[in-house]
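Single-letter residue listing:
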Number of protein chains: 2
Amino acid sequence: MPRVAAVPVRTKKKTRDADVSRARVFEAAAEEFAARGFDGAKVDRIAERAGVNKAMLYYHYTDKAALYRAVVGDMFASTAAEMAALRETGGSPEVKLAAFIDVIAREGQLRPHFPAMWLRELADGGQHLGERNFGDIFGIVSTLAAILKEGEAAGRFHASTPFMVQMGIVGPLFMFLATAPMRKRLMTKMPIAPPDVPPATLVAYVKSMTIGALTAGRTSSSASKAGKR
Amino acid sequence: MPRVAAVPVRTKKKTRDADVSRARVFEAAAEEFAARGFDGAKVDRIAERAGVNKAMLYYHYTDKAALYRAVVGDMFASTAAEMAALRETGGSPEVKLAAFIDVIAREGQLRPHFPAMWLRELADGGQHLGERNFGDIFGIVSTLAAILKEGEAAGRFHASTPFMVQMGIVGPLFMFLATAPMRKRLMTKMPIAPPDVPPATLVAYVKSMTIGALTAGRTSSSASKAGKR
DNA sequence: GTCTATATTTTGATAGAC
DNA sequence: GTCTATCAAAATATAGAC
């Protein structure tokens with residue numbers, strides 16, 4: 001037992017270093033995966049970006065796929081957690097829906113790699129996702145489904161397909177966010193693709209679109225209330 | 001000159017065969033690229049899918065990148081051409097906007113690989129696109145920009161950013177279309193992701209969203225007219 | 001036009017010293 | 001925990017016969 005007691009200090013030091021390099025790898029991987037996709041991302045490049053040796057990468061993560069899952073898992077787990085919190089709050093269906101959109105938008109901005117990675121994962125058919133990821137996604141869509149159902153029951157929303165509404169929210173939001181680098185580069189050739197739309201404007205537009213579609217033809221003023229400018 | 005005269009018949013035969021195998025390669029490539037992306041797509045697998053020898057693939061196309069450009073170019077050129085035609089037609093801004101959305105949706109369904117490939121290309125930042133592709137894309141967005149401007153001048157649409165509106169149309173449409181295989185596979189685990197929403201319903205929803213956002217707060221009945229059901 | 005065999009390069013991954 | 005050196009497996013592309 002005395003042998004065990006001697007370790008703490010040194011362990012703490014080592015652990016902190018490990019956490020640092022591990023975090024650097026994670027961050028670099030997120031950028032690489034977002035910019036090039038799973039197959040396009042190269043392990044060597046991730047290590048280089050992270051400023052660590054390639055062997056270090058394998059010290060922290062079993063392989064490329066595990067690293068990818070770590071990044072993706074973090075995205076969905078975080079979003080799912082926020083959604084769980086959202087489910088506890090009150091308010092009208094319109095307010096809840098706006099809050100739902102805010103969470104998606106916030107997560108998409110908080111993690112710059114999120115939008116592009118999500119776009120790719122959708123195109124990939126969820127190839128790289130695991131059971132836990134699907135669970136988180138299910139939780140997210142379920143949150144939206146509950147809001148829609150509530151609004152529908154209250155006679156404020158049309159009947160709708162949750163997954164379709166979800167794509168109607170994530171699509172515009174993430175497509176716009178994911179194309180930020182591209183738009184920046186294209187500005188000279190395409191004055192139509194501005195790199196600098198304020199996030200608030202984008203979010204407002206998405207809210208307006210969604211509420212607009214769900215309340216089209218109704219006399220309520222909810223459409224104009226939720227997403228102005 | 002007599003040597004030249006003897007060729008035609010044989011050439012025709014050969015040409016037909018060539019066209020067939022070339023088309024098969026093109027088709028197989030479109031599927032592979034859509035399902036796995038540029039880096040994920042493997043030349044061997046494309047050849048196998050096409051039922052031709054790998055060497056044949058290189059006989060028809062200089063390399064993998066050229067093949068990719070051929071598929072992508074076809075998508076954008078076709079869509080751009082339809083947009084050019086649309087620019088000639090008349091009607092109210094609302095009608096034109098609906099027609100614009102119809103073109104995007106039609107192209108997305110006509111070429112099953114279009115949605116997924118477009119999602120990927122956006123995430124890639126247009127890495128694999130050439131000058132001509134950007135020209136076509138510019139033409140497409142410009143068509144939308146003109147419609148929006150007209151509606152705005154007529155006092156029927158809010159001021160808007162064309163590229164953002166474009167993402168608001170392509171996003172929901174293509175995300176939903178691109179996830180068809182995924183949804184089919186997930187049905188058992190996620191009853192929220194139905195594989196079978198009728199395209200007409202999806203298109204109507206996107207029209208309703210877009211018109212709804214552009215006319216939010218207005219007294220006009222255009223929102224309910226353009227995208228019902 | 002079509003196929004076999006092969007050259008070349010890239011890349012994911014590990015062994016083993018420090 | 002960190003790095004060097006290296007292996008083994010893919011994967012792109014081509015040469016050359018038919």
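Treat the numbers as computed from the prediction; the structure is a model and nothing was measured. (Residues numbered from 1 in each chain as written. Chains lettered and ligands numbered in written order. Predicted model: local features only at pLDDT ≥ 70, side-chain atom pairs only at ≥ 80, totals over all residues. Heavy atoms only, no water.)

Residues and elements named next belong to chain B. At their nearest, the axes of helix α6 (residues 93-110) and helix α11 (residues 199-215) sit 10 Å apart, and the two run at 140° to each other. Along this stretch, α6 crosses α11, giving a crossing that reads as right-handed. Along its contact with α6, which presents E94, L97, A98, I101, D102, A105 and Q109, the element α11 presents P199, V203, V206, K207, T210, I211 and L214. A class-by-class count of the residues in the contact of α6 with α11 yields nine nonpolar, two polar and three charged. (Axes fitted to C-alpha atoms, helices over the stretch in contact; angles between N-to-C directions. Helix = DSSP H or I, 4+ residues; strand = E, 2+ residues; numbered from the N terminus. Left-handed = near helix turned anticlockwise from the far one by under 90°. Contact = heavy atoms within 4.5 Å. Nonpolar A, V, L, I, M, F, W, Y, C, P; charged D, E, K, R; others polar.)

In this structure, G212 of chain B sits in helix α11. Leaving out residues up to four positions away in the same chain, G212 of chain B has contacts with S208 and G212 of chain A together with K207 of chain B.

On to the protein's contact with DNA strand D, then. By nearness alone, 16 residues border DNA strand D, and A18, N53 and M56 of chain A together with K54 and Y58 of chain B come closest of all. Here, DNA strand D places atoms within 4 Å of the protein, and 63% of those atoms are sugar or phosphate. In the environment of DNA strand D, a phosphate oxygen lies 3.3 Å from a nitrogen or oxygen atom belonging to the side chain of S21 of chain A. Within the side chain of N53 of chain A, a nitrogen or oxygen atom sits 3.3 Å from a phosphate oxygen of DNA strand D. Looking at the surface near DNA strand D element by element, the count peaks at four residues for helix α2 (residues 8-40) of chain A. Residue classes in the surface near DNA strand D are distributed as seven nonpolar, three polar and six charged. (Near = heavy atom within 4 Å. Polar contact = N/O pair within 3.5 Å; in protein donor to acceptor, adjacent residues only side chain to side chain.)

In the region of DNA strand C, 15 residues are neighbours, and V43 and K54 of chain A together with A18, N53 and M56 of chain B sit closest. Within 4 Å of the protein, the atoms of DNA strand C are drawn from sugar and phosphate moieties in a proportion of 63%. Residue V43 of chain A places a main-chain N or O atom 2.8 Å away from a phosphate oxygen belonging to DNA strand C. A distance of 3.4 Å separates a phosphate oxygen of DNA strand C from a polar atom in the side chain of N53 of chain B. Residue assignment for the surface near DNA strand C shows that the elements contributing at least two residues are α4 (54-60) of chain A together with α2 (8-40) and α4 (54-60) of chain B. For the surface near DNA strand C, the element with the most residues is α2 of chain B, which contributes four residues.

Another point: the domain arrangement of chain A. All names here are of chain A. Per the domain assignment, the segments making up chain A are domain 1 (1-61) and domain 2 (74-226). Opposite the eight residues of domain 1 that make contact, domain 2 presents six residues. Of the roughly 580 Å² buried where domain 1 meets domain 2, counting both sides, 69% is carbon and sulfur surface. Counting the contacts that link domain 1 with domain 2 gives zero salt bridges. Our count for the contact surface shared by domain 1 and domain 2 stands at two residue pairs in polar contact (both at pLDDT 80 or more). Residues that form the side of domain 1 that touches domain 2 fall into these classes: six nonpolar, one polar and one charged. (Domains from an automatic or database assignment. Buried area = accessible area lost by both parts, 1.4 Å probe. Salt bridge = Lys/Arg side-chain N within 4 Å of Asp/Glu carboxyl O.)

Moving on, we get to the interface of chain B and chain A. Each partner contributes to the interface: chain B provides 61 residues, whereas chain A provides 60 residues. Each partner contributes to the roughly 4,900 Å² buried at the junction of chain B and chain A, and carbon and sulfur atoms together form 76% of this total. At the boundary of chain B and chain A, one finds four salt bridges. In this structure, R120 of chain A engages D124 of chain B in a salt bridge whose closest nitrogen and oxygen atoms are separated by 2.7 Å. Linking chain B to chain A there are six residue pairs in polar contact (both at pLDDT 80 or more). Contributing elements (two or more residues each) for the side of chain B that touches chain A: α2, α7 (114-124), α8 (131-153), α9 (162-178), α10 (180-186), α11 and α12 (222-226) of chain B. A total of twelve residues in the side of chain B that touches chain A trace back to one element, the largest contributor, which is α9 of chain B. Taken together, the residues that form the side of chain B that touches chain A break down as 36 nonpolar, 16 polar and nine charged.

All names here are of chain A. Averaged over chain A, the pLDDT score is 91; the fraction of residues at 70 or greater is 89%. Overall, residues 6-12 carries pLDDT values under 50, and its contacts beyond four positions in sequence, including any with other chains, amount to zero contacts. Per-residue pLDDT stays below 50 along residues 222-229; that stretch engages in 17 contacts with residues further than four places along the chain or on separate chains. (pLDDT = per-residue confidence, 0-100.)

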